[in-house]
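Next come the chains, spelled out residue by residue.
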Amino acid sequence: MAHWLYKSEPFKWSWDQQVAAGDKGTHWDGVRNHLAKQQLLAMKIGDRGFFYHSNEGKEIVGIVEVIREAYPDPSDPTGKFVMVDIKAVTPLKHPVSLAAVKGEPRLSEMALMKFSRLSVQPVTDAEWDIVLEMAGGTR
């Protein structure tokens, strides 16, 4: 199973909205970056990801799961981009702030540090475990 990080501005789509979508989940659309598109294409059903509030809060707040693999994004008039469907799994016990991630030397190579503007990012198994450790696990 691969791990990912999904960035969303809470005023556009928040963790609470993701949770409210329930088991039917929601689509992760609007990606217009070719590297992020490659990440979406690599996702498989059951892959887990961190849900990150960007711009406001700047923290990892929960875990989501891929429930539908990549398919065409109807909001893309060019037909080049895709989306996946995800559902909320569980909140983190304690959100992990961007400042905390930056302060953890073991996360210095994390995509969140190197590709800060990328809306969908891979997370290594080691990074996944470290962030969960920092969060005190899940609820």
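All values reported here derive from a predicted model rather than from experimental measurement. (Residues numbered from 1 in each chain as written. Predicted model: local features only at pLDDT ≥ 70, side-chain atom pairs only at ≥ 80, totals over all residues. Heavy atoms only, no water.)

Side note on unusual backbone geometry
Its identity is not glycine, yet Asn55 carries a phi of approximately 65°, on the positive side. Residue position: Asn55 is located in the loop between strand E3 (48-53) and strand E4 (59-72). With a phi close to 45°, Lys58 is a non-glycine residue in the positive phi region. Its place among the elements puts Lys58 in the loop between E3 and E4. (Helix = DSSP H or I, 4+ residues; strand = E, 2+ residues; numbered from the N terminus.)

What about the sheet that holds E3?
Reading across from one edge, E2-E5-E4-E3-E1-E6 is the order of the six strands in this open sheet, with mixed pairing throughout. Of all strands in the sheet, those with a lone pairing partner are strand E2 (26-28) and strand E6 (120-123), marking the two edges. Across the sheet, the mean angle separating the axes of adjacent strands is 40° when strand polarity is ignored. With six bridges connecting them, strand E1 (residues 3-8) and E3 associate as parallel partners. Across the sheet, the residue bridging to Lys7 is Tyr52, located in E3. Packed onto the sheet, helix H5 (residues 125-135) meets E1, E3, E4, strand E5 (82-97) and E6 and runs at close to 40° relative to E5. (Pairing = 2+ DSSP bridges. Axes fitted to C-alpha atoms, helices over the stretch in contact; angles between N-to-C directions. Contact = heavy atoms within 4.5 Å.)

Some remarks on the pattern of salt bridges
Going through the model one piece at a time under the given rule, you end up with seven salt bridges. Notably, a salt bridge pairs Arg106 with Glu104, separated by 3.0 Å at the nearest N-O pair. You can call Arg106 partly exposed: its relative accessible area is 44%. Salt-bridge contacts for Lys114 lead to Glu109; the nearest nitrogen and oxygen are separated by 2.9 Å. Since its relative accessible area comes to 47%, Lys114 is described here as partly exposed. Taken together, the shared-partner salt bridges in this structure form one network comprising Glu104, Arg106 and Glu133. (Salt bridge = Lys/Arg side-chain N within 4 Å of Asp/Glu carboxyl O. Buried < 20%, exposed > 50% of the residue type's maximum accessible area, 1.4 Å probe, protein only.)

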